[in-house]
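Fold and contact review
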2 protein chains.
Amino acid sequence: MPSDQTRTSILDAAERLYADRGFADVTLRDIVAAAGVNLAAVNYHFGSKDELIAELFVTRSLATNRARLNELKAAEAEGGGRAEIDAILRALVGPTLRGCLGPGNERSAAARFMIRASIEAVPPIRRIKNREIDHLRKFAAAMQRSLPGRNQVDLYWGLHFALAMAHQTIRDSERLTKLSEGSCDLDDVQGIIERIVAVSVMALTRREADSRASEPVAARRGR
Amino acid sequence: MPSDQTRTSILDAAERLYADRGFADVTLRDIVAAAGVNLAAVNYHFGSKDELIAELFVTRSLATNRARLNELKAAEAEGGGRAEIDAILRALVGPTLRGCLGPGNERSAAARFMIRASIEAVPPIRRIKNREIDHLRKFAAAMQRSLPGRNQVDLYWGLHFALAMAHQTIRDSERLTKLSEGSCDLDDVQGIIERIVAVSVMALTRREADSRASEPVAARRGR
DNA sequence: CATAGTTTCATACAAGCGTTTGAATTGCAA
DNA sequence: TTGCAATTCAAACGCTTGTATGAAACTATG
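Now for a quick tour of the structure. (Residues numbered from 1 in each chain as written. Chains lettered and ligands numbered in written order. Predicted model: local features only at pLDDT ≥ 70, side-chain atom pairs only at ≥ 80, totals over all residues. Heavy atoms only, no water.)

Here the focus is the overall build of chain A. Of the regular secondary structure elements, chain A holds 12 helices and 0 strands. Along chain A, from the amino end to the carboxyl end, the secondary structure elements read α-α-α-α-α-α-α-α-α-α-α-α. For chain A, the proportion of its 223 residues judged to be buried stands at 54%. Of all intrachain contacts in chain A linking residues separated by at least 6 positions in sequence, the fraction that spans at least 24 positions is 72%. Put simply, chain A shows about 10100 Å² of open surface, and 49% of that area lies on carbon and sulfur atoms. (Helix = DSSP H or I, 4+ residues; strand = E, 2+ residues; numbered from the N terminus. Buried < 20%, exposed > 50% of the residue type's maximum accessible area, 1.4 Å probe, protein only. Contact = heavy atoms within 4.5 Å. Areas by Shrake-Rupley, 256 points an atom, 1.4 Å probe, with all protein chains shown as cover.)

As a further point, take the packing of aromatic side chains. Taken as a whole, this structure holds 8 aromatic pairs over all chains when the rule is applied. Seen from their ring centres, Trp157 of chain A and Phe161 of chain A are 5.4 Å apart, and the 45° between their planes marks the pair as tilted. Here Phe161 of chain A and Trp157 of chain A lie together in helix H9 (residues 152-171), a separation of 4 residues that amounts to about one turn. The exposure class of Phe161 of chain A is buried, given its relative accessible area of 2%. With 4.7 Å between their ring centres and 35° between their planes, Tyr18 of chain B and Phe23 of chain B make a pair best called tilted. Each of the two residues, Tyr18 of chain B as well as Phe23 of chain B, counts as buried. (Phe/Tyr/Trp six-rings, centres within 6.5 Å; stacked < 30°, edge-to-face > 60°.)

Taken together, the contact between chain A and chain B spans 59 residues of the former and 59 residues of the latter. Between chain A and chain B the total buried area reaches about 6100 Å² when both faces are included, carbon and sulfur atoms providing 59% of it. Taken together, the connections running from chain A to chain B amount to 4 salt bridges. Two residues, Glu132 of chain B and Arg175 of chain A, come together in a salt bridge whose shortest N-O distance is 3.9 Å. Sorting the residues of the side of chain A that touches chain B by element identifies helix H4 (49-78), helix H5 (85-100), helix H6 (109-120), helix H8 (131-146), H9, helix H10 (173-179), helix H11 (189-205) and helix H12 (216-220) of chain A as the ones contributing at least two each. (Buried area = accessible area lost by both parts, 1.4 Å probe. Salt bridge = Lys/Arg side-chain N within 4 Å of Asp/Glu carboxyl O.)

For the rest of this paragraph, the subject is the relation of the copies chain A and chain B. Relative to chain B, chain A is turned by 180° and slid 0.0 Å along the rotation axis, the superposed coordinates differing by an RMSD of 0.1 Å. The two molecules are tied by a two-fold rotation axis, judged by turn and shift. (Least-squares fit on C-alpha atoms with pLDDT ≥ 70 in both.)

The next thing to look at is the side chain of Ser180 of chain B. Of note, Ser180 of chain B is situated in the loop between helix H10 (173-179) and helix H11 (189-205). A distance of 2.9 Å separates the side chain of Ser180 of chain B from the backbone oxygen of Leu176 of chain B, its partner in a polar contact. (Polar contact = N/O pair within 3.5 Å; in protein donor to acceptor, adjacent residues only side chain to side chain.)

Let us now look at the packing of helix H1 (residues 5-21) of chain B against helix H6 (residues 109-120) of chain B. All names here are of chain B. Between H1 and H6, whose axes approach to 8 Å, the crossing angle comes to 55°. Classified by the interaxial angle, the pair formed by H1 and H6 is oblique. The interaxial crossing formed by H1 with H6 has left-handed handedness. Here H1 contributes Glu15, Arg16, Tyr18, Ala19, Asp20 and Arg21 to the contact with H6, which in turn contributes Ala109, Ala110, Arg112, Phe113 and Arg116. Residues belonging to the contact of H1 with H6 are distributed by class as follows: 5 nonpolar, no polar and 6 charged. (Axes fitted to C-alpha atoms, helices over the stretch in contact; angles between N-to-C directions. Parallel < 35°, antiparallel > 145°, perpendicular 65-115°, else oblique. Left-handed = near helix turned anticlockwise from the far one by under 90°. Nonpolar A, V, L, I, M, F, W, Y, C, P; charged D, E, K, R; others polar.)

Shown next as structure tokens:
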């Protein structure tokens, strides 16, 4: 039975380096140096660089999806099969945001790795990523149960916008900090989650009438 | 005086290739092959690969910012120095969205290049990108004039969310299409703009009270 | 201890990268 | 046309990349 120690140090080092510097700037030699193992160990244990990346991504992807679904199930159980819309959205964006932001001196490498993966979309990851659609579909279904009267298209857009705000907040928190000169507190994760959830709920529950060419001012500058 | 023809074909080919395939997968040899020029021409005319990328980015960046500011000025002029908040947001997200989405058989390479740049953040671009903060500050100031009563932090978050929704819609339109099985119409650019503007306006004009721990349900699942 | 299987190691390899070189070619002024 | 600078070109450079190799070291069973 293998000790798995080399395997594990490679996975840890790779995840941390990819999280910190992105996929493009990290070579196998960087990884093995950080892991304190021999260069050939990567190909011996994983077959190739791409398979190493794929294993990292699959592992973390399953974990994140599990955390989100757990929150969703809990919310639906609490409501007898139908969760409140804000609870659904909180289950969608909460796990990732909590993982990637927050006052911890160094955030979880796992979460930052996933952000990188979602940003840089390197080939081995892109191949796996299509399964995420099925995962999101479960949230779309829950939202439909929660807001049975809503237009389905609006639900998709609301889901999309919620993910967009969460994602961009993680991705470009630096810009927001600079722009606001520090007045936007990115360590207040729960506050950020509630902000995103509140906006998404508003987007999802606004009146039907203004689904297009809403305000008079809007229609004026159509160009 | 140089004919500039080689220079121009390199710029065009590079922009198109980077837009299509990203920075990581495009080599100088790909570019010169597409441009029909010699390999050494890049270094002769631009000095280095990084300087070529930087020139592309600076050019397009200035153009986009100019388009946004033009719309902003027009909106402010129309309102006698104080634009409606929705007009400001439309000026912010409109130019980019119109450039990157839409029914055109092939979208503008320039716009898709800018999206790549904003996604992949290769070093020569990252160095330039900090100027964007100053550009966004003008929109923050306009928003403050438009909504003088609002908390400044809320304005920054609203600006941030508006850009997040626009950006993610461009970036990951494929996912939304798949998720909604085509029912979200990504060719209806003006509809998308109005959707984003409407949500952003709601985010910016919601009542002060719920800036944190808003709904009772929200407070319950704080974790 | 001996031996077979697993894991590590130093080293090499082919391929691709951005860049450089120096000679050919071009374009234009005198 | 001659002459000179600007431009183009084929070829090569040095370097880094992921991967492969075969020997050495380790581990555990008989």
